[in-house]
Amino acid sequence: MNQPIKGGRGVNALPFVAPSVVILFIWMIVPLVMTLWFSFQRYNLLSPELSGFVGLSNYSFLLTDSSLWIAMANTLLLVGGVLAITVVGGTLLAVLFDQEFFGSKIARLLAIAPFFVMPTVSALIWKNLLMHPVNGVSAAIARALGLQPVDWFGQWPLFSVVVIVAWQWLPFALLILLTALQSLDHEQKEAARMDGAGPLAVFWYIVLPHMGRAIKVVVMIETIFFLSIFAEIYVTTGGGPGLASTNLTYLIYLRALLEYDIGTASAGGVIAIVLANIVAAFLVRSIARNLDA
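Cut-off values and rules
Residues numbered from 1 in each chain as written. Predicted model: local features only at pLDDT ≥ 70, side-chain atom pairs only at ≥ 80, totals over all residues. Heavy atoms only, no water. Axes fitted to C-alpha atoms, helices over the stretch in contact; angles between N-to-C directions. Helix = DSSP H or I, 4+ residues; strand = E, 2+ residues; numbered from the N terminus. Parallel < 35°, antiparallel > 145°, perpendicular 65-115°, else oblique. Left-handed = near helix turned anticlockwise from the far one by under 90°. Contact = heavy atoms within 4.5 Å. Patch = residues over 30% accessible without salt bridge, like charges linked within 9 Å, V, L, I, M, F, W, Y side chains within 5 Å. Areas by Shrake-Rupley, 256 points an atom, 1.4 Å probe, with all protein chains shown as cover. Salt bridge = Lys/Arg side-chain N within 4 Å of Asp/Glu carboxyl O. Core = buried A, V, L, I, M, F, W, Y, C linked by side-chain atoms within 4.5 Å. Buried < 20%, exposed > 50% of the residue type's maximum accessible area, 1.4 Å probe, protein only. Polar contact = N/O pair within 3.5 Å; in protein donor to acceptor, adjacent residues only side chain to side chain. Phe/Tyr/Trp six-rings, centres within 6.5 Å; stacked < 30°, edge-to-face > 60°.

### A few points about the packing of helix H8 (residues 157-181) against helix H11 (residues 212-226)
Interhelical geometry of H8 versus H11 gives an angle of 155° and a closest axis separation of 9 Å. As the angle between them shows, H8 and H11 are arranged roughly antiparallel. For H8 against H11, the interelement crossing comes out right-handed. In this structure, H8 uses Val165, Trp169, Phe172, Ala173, Ile176, Leu177 and Ala180 to contact H11, whose residues at the interface are Ala214, Ile215, Val218, Ile221, Glu222, Phe225 and Phe226.

### Description of a nonpolar patch on the surface
A contiguous nonpolar surface patch, about 460 Å² in accessible area, is contributed by Val22, Phe25, Ile26, Val30 and Met34. Within the fold, Val30 resides in helix H1 (residues 14-39).

### Some words on the nonpolar core
In this structure, Ala94, Leu174, Leu177, Leu181, Val207 and Met211 are the most contacted members of the largest nonpolar core, which totals 20 residues. Only helix H3 (66-97), H8, helix H10 (199-210) and H11 provide two or more residues apiece to this core. If one sorts the elements of this core by residue count, H8 sits on top with six residues. Those residues in contact with Ala94 that sit more than four places away from it in its chain are Leu174, Leu177, Leu178, Leu181 and Met211. The next biggest cluster of nonpolar side chains, apart from the first, holds 17 residues, and it includes Val79, Val82, Val165 and Phe226.

### Side note on the side chain of Thr75
With respect to the helices and strands, the residue Thr75 is situated in helix H3. Owing to a relative accessible area of 7%, Thr75 belongs among the buried residues under this scheme. Polar side-chain contacts of Thr75 include one of 2.7 Å to the backbone oxygen of Ala71. Leaving out residues up to four positions away in the same chain, Thr75 has contacts with Leu227, Asn247 and Leu248.

### So, the environment of Thr35
If you trace the backbone, Thr35 turns up in helix H1. For Thr35, a relative accessible area of 22% translates into the label partly exposed. The spatial distance from the C-alpha of Thr35 to the C-alpha of Ala267 is 7.6 Å, given a sequence separation of 232 residues. In contact with Thr35, other than residues within four places in its own chain, are Ser266 and Val270.

### Let's talk about the packing of aromatic side chains
Per the counting criterion, the structure on display carries 17 aromatic pairs. Between Phe115 and Phe116 the ring centres are 5.8 Å apart and the planes differ by 70°, which places this aromatic pair in the edge-to-face class. Accessibility expressed as a relative area gives 27% for Phe115, which makes it partly exposed. In textbook terms, an aromatic cluster arises when at least three aromatic residues are bridged by ring pairs, as seen for Phe115, Phe116, Trp169, Phe172, Phe225 and Phe226.

Next up, the structure:
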């Protein structure tokens, strides 16, 4: 008669875990290997018969192409701009919503709601309802003030994308930072006030250091996502005018699906993977040092 196993000891979990691990590994490694393979090939969908190994030619072409550096600069500006708005705005909103006031629960719900809007829907709302140079809310306000409406996506394309992405991700930063702030012992703030510290001093020396780890987590998660922004650019500016709002992800799309150059697009994908891993490693190490401190 089989004896029951107490506490689960003696059970080999490998046969149960192995299938999911193998499937996950294949799901991750096969696209990466194919991308690496095509990055060393000359392969254009318009003339597939002219294919073959070209070594580092695709990388050499990309690295000497000004469009790559423009796209990388736009990527850095896009990531930096959205991070600045979401981190600073999220911190200030977290301090505001940490206070109890009439309708605070409804206000918190409304403030978090934009995060659950799909990127494509969010971009369409801003493009057609808010930033449209003729029928948008911004144009109506400008005309009411006697000003000339602004063609946001024509004159300020990258800034417009930054605003759209920041509007969608600001609630995420608010949610994380507000959760961190609510774990702060209010007796510390009360003691500081009794010692004569003003609101700015309490915020700078007590609240902000307490939120430091949460801010780093927000920066890490958002940076990884912002490096691959696509839908907002595709729906609003199409990467233009010219390359004014083209980031690295959209440049890869242009090479692969508009120019049908799979080899060059794959090389761009490898460059994007390398950059994303460098940034992720730096941010993870920075957070790990903060946790060990």
